[in-house]
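Listed below, chain by chain, are the residues.
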Amino acid sequence: MSDFEGHKWPHVSASQFKTYSMCQRKWHIERFSGLPRSPSTPGQILGTNIHTVLEKYIRDGVDFPETREGEIAKSALDLLPPQKVTVVEQKINLTGMGMSPPLIGFIDAYVPPEHTKDGIPEVIDYKSTKSWKWVKSAEDLRTDLQMLPYAAAGLEIARSHDKIRISHIQLL
């Protein structure tokens, strides 16, 4: 556990890294002010619901519901990993690389190498967006402060492999 300005800090998340890199003041207020978090926006709630639909489809084989969330999730059908063999919401704990406190997070989906077409393990992250103008480019993703730790964690999970595929599925 790290100590920062008198606050005990047991771990950090990739989203905290991103917030810090964009605005250190916002990060500090969110972490240490004790102020309540802003309520979720309708877009955030929709994104959470889409994630839930995708998780149930991939992990349990549950059909897409006939809802807005289900229709949006279904639009990615051709990109989704195999059902019932993909690990959904894989918890990661990166303590190496001299990190203190450790990075804790959840990978949306991890496909073991025996279930990919080319034997390369795959980490998948889902993002929903209101507009394509917010979609990250391939170049943005190469240096994304969320995707890099996910790649490192994927390599840690697939210890016998020296490659990992990182997929970022963006849903409108």
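This write-up is about the structure you can find in this document. Keep in mind that what you see is a predicted model, and the values were worked out from it rather than measured.

1. What about the nonpolar core?
Within the largest apolar cluster, 18 residues are counted, with the highest numbers of intra-cluster contacts made by Ile50, Leu54, Phe64, Leu80, Tyr126 and Leu171. Put simply, the parts of the chain that give this core at least two residues each are helix H3 (42-60), helix H4 (68-74), strand E4 (103-111), strand E5 (122-128) and strand E6 (165-171). Here this core gets six residues from one element, more than from any other, and that element is H3. The contacts of Tyr126, once residues within four sequence positions are left out, are His51, Leu54, Ile58, Leu80, Pro81, Asp108, Ala109 and Ile169.

2. With respect to the pairing of E4
A regular strand places its side chains on the two faces of the sheet in alternate fashion. Taken across its nine residues, E4 has eight buried, putting it largely inside the fold. Inspection of the sheet shows strand E3 (residues 87-94) paired to E4 by seven bridges, in the antiparallel sense. Across the sheet, the residue bridging to Val88 is Ala109, located in E4. Bridging between E4 and E5 involves three bridges; their strand directions are antiparallel. Bridge pairing in E5 links Tyr110 to Val123.

Procedures and definitions
Residues numbered from 1 in each chain as written. Predicted model: local features only at pLDDT ≥ 70, side-chain atom pairs only at ≥ 80, totals over all residues. Heavy atoms only, no water. Core = buried A, V, L, I, M, F, W, Y, C linked by side-chain atoms within 4.5 Å. Buried < 20%, exposed > 50% of the residue type's maximum accessible area, 1.4 Å probe, protein only. Helix = DSSP H or I, 4+ residues; strand = E, 2+ residues; numbered from the N terminus. Contact = heavy atoms within 4.5 Å. Pairing = 2+ DSSP bridges.

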